[in-house]
Amino acid sequence: MTIPGVIVKQLNDLPIEEVAERLGIPINRHNALCFMHNDHAPSLKFSVGKNLFHCFVCGKGGGPIQLVQEYEAWTFQEACVWLAGQFNIWRPDEERYRKSVRRAIRKKFLSTTDESAIEFDEEVFSWLIDTARLSPKANKFLFKERYFKKEVIDKLSVRSLSYPNRLVNTILKQFGEERGLKSKIVRQGKYGLYCSFCTPCLLFPYYGQDGRLVGMQSRYLGENIKVPRFQFLSSQKTRLFNLPVLNMLKRGDKLYVSEGITDCLAMLSEGMNAVAIPSATLLPREDLVMLKEFDLRMYPDQDEVGFRAFMELRRFFVNHYSTIRAEKLPEGVKDYCDYYVKSQKEEGNDGIHI
Ligand SMILES: [Zn+2]
């Protein structure tokens, strides 16, 4: 589909700051934090007179269409269709282009300063990992349904939590109320103290490259659909999952980056080297920078959102003078874990019995 020249002209004449506003970029006196790199001082300038944007750090810039392309990682056509629809300028004749383009979930780049004030109580969380075990429900999920390898789960110290009240009481006894609350494992509610983790759940500890415990994420195993599937406690920085794997790699070794822990566990069970970005919307950039020297690969989820997530990650690495390559999953599977589970079933693996 060709966008008529007259339309392109009209789109590029749209006030650049209004376009930025539609995208959700906050502008203050023609300046904004650049969304193309991790910006601390607003480096992105908008020239109203010339109707252009420009980042002095990345050196990137252009007109309204270019702005939409950069921000959403869209093609020229996609950006034009979205922009024309937003400002009621034009609709393509062909039906299939009429459906407006879906906007990506914008990732926030996290930096040191944003979160350095947060304290993670390594001792309390280490105690939790030392004390907790894997429940029968957790075993069923990990080994019977997902076919993850026992060695992988053991090595990562994955645990589960089934009795939240018992946990709260033990923490209070062991560490006291103040520390329990500060760790954010215990919370103060209307009817007393309660556990922050929605249970039953799995606990995935996050370790730094030096092996120290730096965070924890839970994965709900219950039936209540209103409960968020993954939970982070607010007392921690967002980090990459499985950072200690870097100690086993040499420069140039292949390393997979997955979105979410489940895909990462599947890859590790296949004997691949992998780290995970914990959430679809937060990029732990300090950790990502450490991956630059490896041969980075990703299996994007097989949908538009997955592809965009990959593009965004690639943009991050390109801005850091590196890159990441996409590998393709076979047709009909939605993500790496799905692919892994299907292939295990085909091989006749019926999961280990514990
Ligand atoms: Zn920039």
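Student: Please give an account of the overall build of the protein that cites residues and values.
Tutor: Each helix and strand counted, the protein has 15 helices and 16 strands in total. Expressed as lengths along the three principal axes of its C-alpha atoms, the size of the protein is roughly 70 × 50 × 45 Å. The buried share of the protein, reckoned over its 354 residues, is 49%. Within the protein, contacts between residues at least 6 apart in sequence are counted, and of these 64% link residues at least 24 apart. Accessible area for the protein stands at about 18,300 Å²; split by element, carbon and sulfur atoms hold 50% of it. If the 51 positive side-chain charges of the protein are averaged to one point and the 44 negative ones to another, these points end up 2 Å apart.

Student: Which residues make up the side chain of D121, and what values go with them?
Tutor: Counting through the fold element by element, D121 comes out in the loop between α6 (112–115) and α7 (122–131). Apart from the residues lying within four places of it in its own chain, the contact partners of D121 are R179 and S183.

Student: An account of the packing of aromatic side chains is requested, with residue identities and associated values reported.
Tutor: Per the counting criterion, the structure on display carries twelve aromatic pairs. Consider the rings of Y206 and F241, whose centres lie 5.2 Å apart with planes at 65°: the pair is edge-to-face. Pair noted here: Y206 is in strand β9 (residues 201–207) and F241 is in the loop between β11 (230–232) and β12 (254–259), with a separation of 35 residues, a long-range link. Connected via pairs of aromatic rings, a cluster forms that spans F204, Y206, F232 and F241. The residue whose ring lies beneath R22 is F87, and the NZ or CZ to ring-centre distance is 4.2 Å. Residue placement shows R166 over the ring face of Y163; its charged tip is 4.4 Å from the ring centre.

Student: Any chance you could break down the nonpolar core for me, citing the residues and the numbers?
Tutor: Residues L142, F148, L202, F241, L265 and Y336 are the most contacted members of the largest nonpolar core, which totals 33 residues. Contributions of two or more residues to this core are made by α8 (136–145), α9 (150–155), β9, α12 (261–269), β13 (274–277) and α15 (336–346). Looking at this core element by element, the count peaks at six residues for α12. Within the second largest apolar cluster, 31 residues are counted, among which are L23, F53, V68 and W82.

Student: Help me get a handle on the pairing of strand β3 (residues 52–55), residues and values and all.
Tutor: Of the two faces of β3, only one is covered, namely that formed by F53 and C55; the face formed by L52 and H54 stays uncovered. Bridging between strand β2 (residues 44–47) and β3 involves four bridges; their strand directions are antiparallel. In the strand pairing of β3, L44 is matched with C55. In this antiparallel pair of consecutive strands, β2 and β3, the connection spans four residues, and N51 shows a positive phi of 60°. Sheet analysis places β3 next to strand β4 (residues 61–62), joined by two bridges and oriented antiparallel. Residue pairing for β4: F53 is matched across the bridge by G62. Counting the residues that bridge the hairpin from β3 to β4 gives five residues, and of these G59 lies at a positive phi of roughly 75°.

Student: Break down the packing of helix α3 (residues 64–72) against helix α4 (residues 76–86) for me, with residues and values.
Tutor: Two elements in contact, α3 and α4, have axes whose closest approach is 9 Å; the angle formed by their N-to-C orientations is 110°. Relative to α4, α3 is oriented roughly perpendicular. Crossing geometry of α3 relative to α4 is assigned as right-handed. Here P64, I65, V68 and Q69 of α3 come into contact with α4, specifically with F76, A79, C80, W82 and L83. The class makeup of the residues in the contact of α3 with α4 is eight nonpolar, one polar and no charged.

Student: Just give me the short version of the pairing of strand β7 (residues 186–189), but keep the residues and values in it.
Tutor: Bridge analysis of β7 against strand β8 (residues 192–195) gives four bridges, and the strand direction is antiparallel. Its bridge partner lying in β8, V186 is registered against C195. In sequence, β7 turns back onto β8 through a hairpin of two residues.

Parameters at a glance
Residues numbered from 1 in each chain as written. Predicted model: local features only at pLDDT ≥ 70, side-chain atom pairs only at ≥ 80, totals over all residues. Heavy atoms only, no water. Helix = DSSP H or I, 4+ residues; strand = E, 2+ residues; numbered from the N terminus. Buried < 20%, exposed > 50% of the residue type's maximum accessible area, 1.4 Å probe, protein only. Contact = heavy atoms within 4.5 Å. Areas by Shrake-Rupley, 256 points an atom, 1.4 Å probe, with all protein chains shown as cover. Lys, Arg positive; Asp, Glu negative; His and termini not counted. Charge placed at Lys NZ, Arg CZ, Asp CG, Glu CD. Phe/Tyr/Trp six-rings, centres within 6.5 Å; stacked < 30°, edge-to-face > 60°. Lys NZ or Arg CZ within 6 Å of the ring centre and 35° of its normal. Core = buried A, V, L, I, M, F, W, Y, C linked by side-chain atoms within 4.5 Å. Pairing = 2+ DSSP bridges. Axes fitted to C-alpha atoms, helices over the stretch in contact; angles between N-to-C directions. Parallel < 35°, antiparallel > 145°, perpendicular 65-115°, else oblique. Left-handed = near helix turned anticlockwise from the far one by under 90°. Nonpolar A, V, L, I, M, F, W, Y, C, P; charged D, E, K, R; others polar.

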